[in-house]
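Here is how the chains run, residue by residue.
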Amino acid sequence: MKKFVVLISGNGSNLQSIIDKQNLGQISGKICGVISNKADAYGLVRAKNEGIPTFVFSRKDYKSNLEMDLAIAEQIERLGAGLIVLAGYMKILTPEFIQRFEGKILNIHPSLLPKYPGLNTYQRAIEAGDSEHGTTIHFVNEEVDAGAVVLQAKVPIYPDDEVEDVMGRVVEQEHQYYPLVVEWFCSGRLVAKEGKAFLDGRELSITGYAEE
Ligand code: GRF
C-alpha cells in the first residue's frame, strides 16, 4: 500500500476530506503523517483525532529555508512516504526539496491556473469581473503554482457574489476532487513523467482531466 504525507499550514479541510475518503475505503493509500509549519494549525487536531502522527517544523528553528526543507525531507523519507500532498501548505518549497521528490508532489490551488497564481485569488477574480472561478490540482515543479495540471473544476461567479460565496463553491469542489486525484496516484493510475501528467498511460491536456 502506498503511504503518503499531507503538508498543511491551517484549517486542513482538504486534509479532512482525504481522511474521510480513506476511512470509507475509497483511497487505497494511507496517510502516514501530517506535517505543518504552524504549531497552531487546526489540521493537526484533525490528524490527532484520527491517530495520524503529526510533525511540526517551525522556520524559526532553522537557519535557512533549505535547512528546514532538508529536515522535512528526511522525516518524509523516514516515514516511507511515496507521495507528498500539499493541502494549504503556505510556504514555498525550495528547489532542492522539489527535485528530491520530483513527480511525487501534488498541490491544490484555488484558481483556474495559469490564472491567478499566488494569494487572494477569489478577490482578484471578482474584481476582474470574471464569470467563473475554480480550483486546480497539479504536480509541483519549481515555479510557484505551476506544474502539470491533473484536474480543474469550475464554478460560476454571479454578479452579487462576495468572496465567501465563491470560496464556498470552490472548496466544495476541492473536497470532492482532491481525494479522487490522490487515489489515482496511490493506485498507480496517475504518474508524472518529464514534467507531464499521465492518467492510465494517456497524457493529460494542459487543463487536465476532462470528464467525457
Ligand atoms: C485550499 O482552498 C487550497 O486550495 C489552498 O489552500 C486552501 C486550504 O484550505 N491551497 P484547508 O486548509 O484545506 O481548509
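Residues numbered from 1 in each chain as written. Predicted model: local features only at pLDDT ≥ 70, side-chain atom pairs only at ≥ 80, totals over all residues. Heavy atoms only, no water.

- The name given to the chain in an unreviewed UniProt entry is Phosphoribosylglycinamide formyltransferase, and the organism recorded there is Mannheimia varigena USDA-ARS-USMARC-1296.
- In its Function (unreviewed entry) section, UniProt records this for the chain: "Catalyzes the transfer of a formyl group from 10-formyltetrahydrofolate to 5-phospho-ribosyl-glycinamide (GAR), producing 5-phospho-ribosyl-N-formylglycinamide (FGAR) and tetrahydrofolate." (UniProt positions renumbered as here; feature names shortened; annotations may be inferred.)

**A word on the sheet that holds strand 6 (residues 132-139)**
- Spatially, seven strands are ordered 3-2-1-4-5-6-7 in an open sheet, and the strand pairing comes out mixed. Each end of this open sheet is capped by a strand with a single partner; those strands are strand 3 (54-56) and strand 7 (149-156). Direction aside, the axes of adjacent strands within the sheet are offset by 20° on average.
- Taken strand by strand, helix 3 (residues 65-79) contacts strand 1 (3-8), strand 2 (30-36), strand 3 and strand 4 (83-86), and its axis lies near 165° from that of strand 2. (Pairing = 2+ DSSP bridges. Helix = DSSP H or I, 4+ residues; strand = E, 2+ residues; numbered from the N terminus. Axes fitted to C-alpha atoms, helices over the stretch in contact; angles between N-to-C directions. Contact = heavy atoms within 4.5 Å.)

**A word on the site of the ligand**
- In the neighbourhood of the ligand, the contacting residues comprise Asn11, Gly12, Ser13, Asn14, Gly88, Ile108, His109, Pro110 and Glu174.
- The backbone of Gly12 places a nitrogen or oxygen atom 2.8 Å from an oxygen atom of the ligand.
- In the complex, 82% of the free accessible area of the ligand, which totals 370 Å², lies under the protein chains.
- Listed by contribution, the elements that provide at least two residues to the shell around the ligand are helix 1 (13-23) and strand 5 (105-109).
- Looking at side-chain class alone, the shell around the ligand contains two nonpolar, six polar and one charged residues. (Near = heavy atom within 4 Å. Polar contact = N/O pair within 3.5 Å; in protein donor to acceptor, adjacent residues only side chain to side chain. Areas by Shrake-Rupley, 256 points an atom, 1.4 Å probe, with all protein chains shown as cover. Nonpolar A, V, L, I, M, F, W, Y, C, P; charged D, E, K, R; others polar.)

**What about the environment of Asn23?**
- Mapping Asn23 onto the fold places it in helix 1.
- Classification of Asn23 by relative accessible area gives exposed; the value is 51%.
- Sequence-wise, Asn23 and Lys48 are 25 residues apart; in three dimensions their C-alpha atoms are separated by 15 Å. (Buried < 20%, exposed > 50% of the residue type's maximum accessible area, 1.4 Å probe, protein only.)

**Things to note about the pattern of salt bridges**
- In total, this model carries seven salt bridges according to the counting rule given.
- Of the charged contacts, one joins Glu77 and Arg100 as a salt bridge, the two residues approaching to 2.9 Å between their closest N and O atoms. Highlighted residues: Glu77 in helix 3 and Arg100 in helix 4 (residues 95-100), separated in sequence by 23 residues.
- Given the relative accessible area of 41%, Glu77 is considered partly exposed. (Salt bridge = Lys/Arg side-chain N within 4 Å of Asp/Glu carboxyl O.)

**Side note on unusual backbone geometry**
- Backbone torsion omega between Leu113 and Pro114 reads 10°, so that peptide bond is classified as cis.
- With respect to the secondary-structure elements, Pro114 resides in the loop between strand 5 and helix 5 (121-127).
- You will see that Asp145, though not glycine, has its phi angle at about 55°, which is positive.
- Position of Asp145 relative to the elements: it lies in the loop between strand 6 and strand 7.
- Even without glycine at this site, Glu194 takes up a positive phi of about 45°.
- Its place among the elements puts Glu194 in the loop between strand 8 (190-193) and strand 9 (196-199).

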